[in-house]
Amino acid sequence: MPVDIVLGLQWGDEGKGKIVDFLSPNYAYVARFQGGPNAGHTIYANGVKHILHQIPSGIFHEGPKCVVGNGALLDPVALAKEIAALEDAGLAPAERLIVSDKAHLILPTHPQLDRLSEEMKGAAKIGSTLRGIRPAYQDKYGRAGLRAGDLLRADFEEKARALMRVHQELLRQADVEVDLDEMALAFLSAVDKLRSLAILPVEKLLHDELKQGKAVLAEGAQGTLLDVEFGAYPYVTSCATIAGGACTGLGVSPRRIREIIGVFKAYCTRVGNGPFPTELDGVAGQQLRDAGNEYGSTTGRPRRCGWLDVPALKYAIDLNGVTRLAITKVDILSNLETFDVCTRYQDGQFATDDFTQWTPDGMAPKYETFKTWYPGDFRRHHLPPELNRFVVWLEEQTETRLHWVSSGPEREALIARK
Ligand code: IMP
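Residues numbered from 1 in each chain as written. Predicted model: local features only at pLDDT ≥ 70, side-chain atom pairs only at ≥ 80, totals over all residues. Heavy atoms only, no water.

For a regular strand, side chains alternate in direction, first toward one face of the sheet and then toward the other. Residues His41, Ile43 and Ala45 line the buried face of strand β3 (residues 41–45), whereas the alternating positions Thr42 and Tyr44 sit on a face that is not buried. Of the strand pairs in this sheet, β3 and strand β4 (residues 48–52) are connected by 5 bridges, and their pairing is antiparallel. Bridge pairing in β4 places His41 opposite Leu52. As consecutive antiparallel partners, β3 and β4 are separated by 2 residues, and within that stretch Asn46 has a phi angle of approximately 50°, a positive value. (Buried < 20%, exposed > 50% of the residue type's maximum accessible area, 1.4 Å probe, protein only. Helix = DSSP H or I, 4+ residues; strand = E, 2+ residues; numbered from the N terminus. Pairing = 2+ DSSP bridges.)

Structure representation (structure tokens):
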């Protein structure tokens, strides 16, 4: 049986969590394959708002088991808090969580190193979430990191302290002092919670289950335009956010992949620094930010806002091989009379719809203007005519089926087009 993937086609915050939550009951496993606590997936389950950072968005349904794959990072301290918050809400997440023995751990010194690196970059900083993502992946690829499987070994504490001492030395060279004992104490007690979960070779579990006919939903984090290879480097995150990352981040073959569901917002947002061709400054950007409540769910930072960028969307669709699209937050555009969508970039006589040709100097986005639809004019399987026209236009532009239209944060506000 197949693996389907849900991933973001912009710079993250597309509303993937809601789509994963909606699709989860159809799967035996919902699996995160990359990223870590830098993610913030917002889900309204039974009228209550939850923000997940590391736990897969299938956790609100009884059926699927939730997997953290080898490609993801785990911060044990943050995970313990996330589990406790769900327990307070009456759920029992620990019973349904499975962690890859090969998932790398974020140690308390990793966020400190992240902060230092950003400070040293000054104005050229990435705008990281400061959750320790870059240094933890750096340790992974530098073959120095600790993995969840190491928790089961007698020398774990010794190894964790040794790696933290290496980090302490790096920090000390930049005159940053950290209290290692205090950090180690909090870390080692949180680690007990993680140790109590099922930690195993997830790739083997998934191989066996797929052979038995079970289906897996792979849940992407961040977005395609933050991919370490294809995003605007260095203004990217530190891992593969594209569909290929699901194979390496879970240990499943590309031959297992069936649907690749690409989620995008009806406009664009970005947190952190880096190029953003359709960014709106001033009042127009603030209007979108207010209407869409565009503030980071992990850091609370105001998100940069701009119009939908079709060339960027087409690039993301091609990189992932998207088979079906989901558009979110169409209700936010109801607050405006008209809205714009970028169809190409232009510099004098030269115009292109090729995202890879866009440069910040001289290349201006060119827009088509659309009339918006009335707020609240959404019924199940029925889109307002102006929205329907827009959706059909998007399908023509992207040559991809646009299957789901999300018109609000609640579970019910999702129309599956016939
Ligand atoms: P890092 O992943 O924390 O190192 O941050 C690198 C860049 O990715 C920064 O611009 C962050 O704002 C951005 N980023 C990381 N995770 C997310 C996310 O889940 N949503 C949106 N942006 C993110």
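Following the structure, the description resumes.
Here the focus is helix α3 (residues 109–121). Under the 1.5 Å per step criterion, the end-to-end length of α3 is 19 Å for 13 residues, consistent within 8% with the ideal 18 Å. Inspection of α3 places Thr109, His110, Leu113, Asp114, Leu116, Ser117 and Glu118 among the buried residues, and these make up the whole buried set. Packing partners of the buried residues in α3 comprise β8 (104–105), α4 (133–141), α5 (156–173) and α6 (180–195). Two residues or fewer past α3, Gly122 is found with a positive phi of approximately 60°. (Expected span 1.5 Å × (residues − 1). Contact = heavy atoms within 4.5 Å.)

This next bit is on the site of the ligand. The environment of the ligand is made up of 17 residues, and the closest members are Asn38, Thr129, Thr237, Val271 and Arg301. Within the side chain of Asp13, an N or O atom sits 3.3 Å from a nitrogen atom of the ligand. At 3.3 Å, a side-chain N or O of Gln222 approaches a nitrogen atom of the ligand. Coverage of the ligand by the protein amounts to 97% of the 470 Å² it exposes when considered alone. Of the pockets mapped on this structure, the ligand occupies the largest pocket. Residues belonging to the shell around the ligand are distributed by class as follows: 7 nonpolar, 8 polar and 2 charged. (Near = heavy atom within 4 Å. Polar contact = N/O pair within 3.5 Å; in protein donor to acceptor, adjacent residues only side chain to side chain. Areas by Shrake-Rupley, 256 points an atom, 1.4 Å probe, with all protein chains shown as cover. 1 Å grid on protein atoms, 1.4 Å probe; cavity = no way out; pocket = protein on both sides within 12 Å on 5 of 7 lines; lining within 4 Å. Sits in = over half its atoms within 2 Å of the grid points. Nonpolar A, V, L, I, M, F, W, Y, C, P; charged D, E, K, R; others polar.)

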